[in-house]
Amino acid sequence: MTLLKSWVESANSPETQFPLNNLPYGVFVTADDEAHCCVAIGDMVLDLAVLEDDGVISVTDEPVFDLPFLNEFMDAGKPAWDALRARLIDLLSADGDDTLRGDKELQSVAMAPRVDAAMEMPFVVAEYTDFYAGMQHAKNMGSILRGSPDLPANWLHIPIGYNGRASSVVVSGTEIRRPLGQTKAPDAEVPSFGPSKRLDIELELGAVVGTGSTLGQPVSVAQADEMIFGYVLLNDWSARDIQGWEYQPLGPFQGKAFGTTISPWVVTAAALEPFRTATPPREKELLPYLNEEKPGLYDISLSVTMQPEGADRATTLTQTNYSRMYYSAAQQLCHHSIGGCAMNSGDLLGSGTISGPDPSEFGSLLELSWAGKKPFTLDTGETRSFIEDGDTLTLKGEARGDGYKIGFGECAGKILPALETPFK
Ligand code: CA
């Protein structure tokens, strides 16, 4: 696949994250202070509510874009997503339909510089499920927490997950307050209460479920693949000391519930299609319901930077790739439904922390600093094992094509000091 040329010149730069091939969906605040659905094209955002109101595009009988969320459009299903993508490519391509290209007045109301656009949450998160599907991460966690890299007995057979919180999923740029909680040091007799001292990130990709399923009715991997609307960058903020004390036997709870940040742009599965890549060889044969008919992962380069308060530059902490995962989002979604659990439009599935085999590819600070035993040095000369107040952590991701790239924008969050302890 090569670059699709657009009459929006900035979309043709090999440096832009948003060429015509991408067309990610988001929600932005208009000049009239309303929230509308939009797509990014080069340096601009295109207001889909304006185009829909003018009859230039149409999805269903009712408007779906004059809304502060993408859920109505997502719920319209894959044929509607494919039809709108084809229509937008026609409207924005260098030699396509001239309804927008030839109408400067329409352009002036329907397009705005992306740099000025305040982005909101792109969709209402119905429910949030977090998985544990990266093998290197699982081995590292085993080594750090239990003294052995051996995987749990179920790991090679089941995409392990837990039900997280939708209420604390926020869009990039939202500040995150250091959580208070209950912790217990290994040598302490009793637990104590206070701010987390081991605040961490998890580098993940989030799969956005576009169309739901029926209660009691499992979906296949192939059906699950068609239900996924797109993907966002996802930082599953984690308080390791709270998590370490609470997680047995039912898994993470408050250590993960205080914040999850996603990027404002949902990159569609359609845009990522040329970048499909297979899951790694199976170390144990999967039960047939989890087998994939086509490559389930994508070749997406991912990175994380950290910038302390007042620092003039950010330090790259890790660089890895989504193709490191052991299970795909379609396998996770299939498994999620297999007992009859209904999935809904707007469900968000975290991939699990993405770590590669080399330490430069580890996707959490717990792994990068090996639980504080190997602090790392930032470009500013400061050292870190975990996040300090005022630090900004930024995830980035892109799939690289021939002369173009498909970017996700940024998934950034700054840590605020904990509240004064309200309880003793
Ligand atoms: Ca996670």
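One can find the structure itself at the top, above this paragraph.
Residues numbered from 1 in each chain as written. Predicted model: local features only at pLDDT ≥ 70, side-chain atom pairs only at ≥ 80, totals over all residues. Heavy atoms only, no water.

Draft legend 1. A look at the packing of aromatic side chains. Following the criterion strictly, the structure yields 13 aromatic pairs and no others. With a centroid separation of 5.1 Å and an interplanar angle of 50°, the aromatic rings of Tyr25 and Phe73 are classed as tilted. With a gap of 48 residues between them, Tyr25 in strand S1 (residues 25–29) and Phe73 in helix H2 (residues 71–75) connect regions that are remote in the sequence. Residue Tyr25 shares its accessibility class with Phe73, and that shared class is buried. By way of ring pairs, the aromatic residues Tyr25, Phe65, Phe73, Trp81 and Phe229 are connected into one cluster. The ring of Tyr326 is capped by Arg282, whose NZ or CZ atom sits 3.8 Å from the centre of that ring. The ring of Tyr327 is capped by Arg282, whose NZ or CZ atom sits 5.8 Å from the centre of that ring. (Phe/Tyr/Trp six-rings, centres within 6.5 Å; stacked < 30°, edge-to-face > 60°. Helix = DSSP H or I, 4+ residues; strand = E, 2+ residues; numbered from the N terminus. Buried < 20%, exposed > 50% of the residue type's maximum accessible area, 1.4 Å probe, protein only. Lys NZ or Arg CZ within 6 Å of the ring centre and 35° of its normal.)

Draft legend 2. Focus on the sheet that holds strand S20 (residues 301–307). With mixed pairing, 5 strands are arranged side by side in an open sheet as S9-S26-S25-S20-S21. Strands at the two margins of the open sheet, each flanked by one partner only, are strand S9 (176–177) and strand S21 (315–321). Note that S20 and S21 share 6 bridges and pair antiparallel. Within the sheet, the bridge partner assigned to Thr305 lies in S21 and is Thr316. (Pairing = 2+ DSSP bridges.)

These figures capture arrangement, not role.
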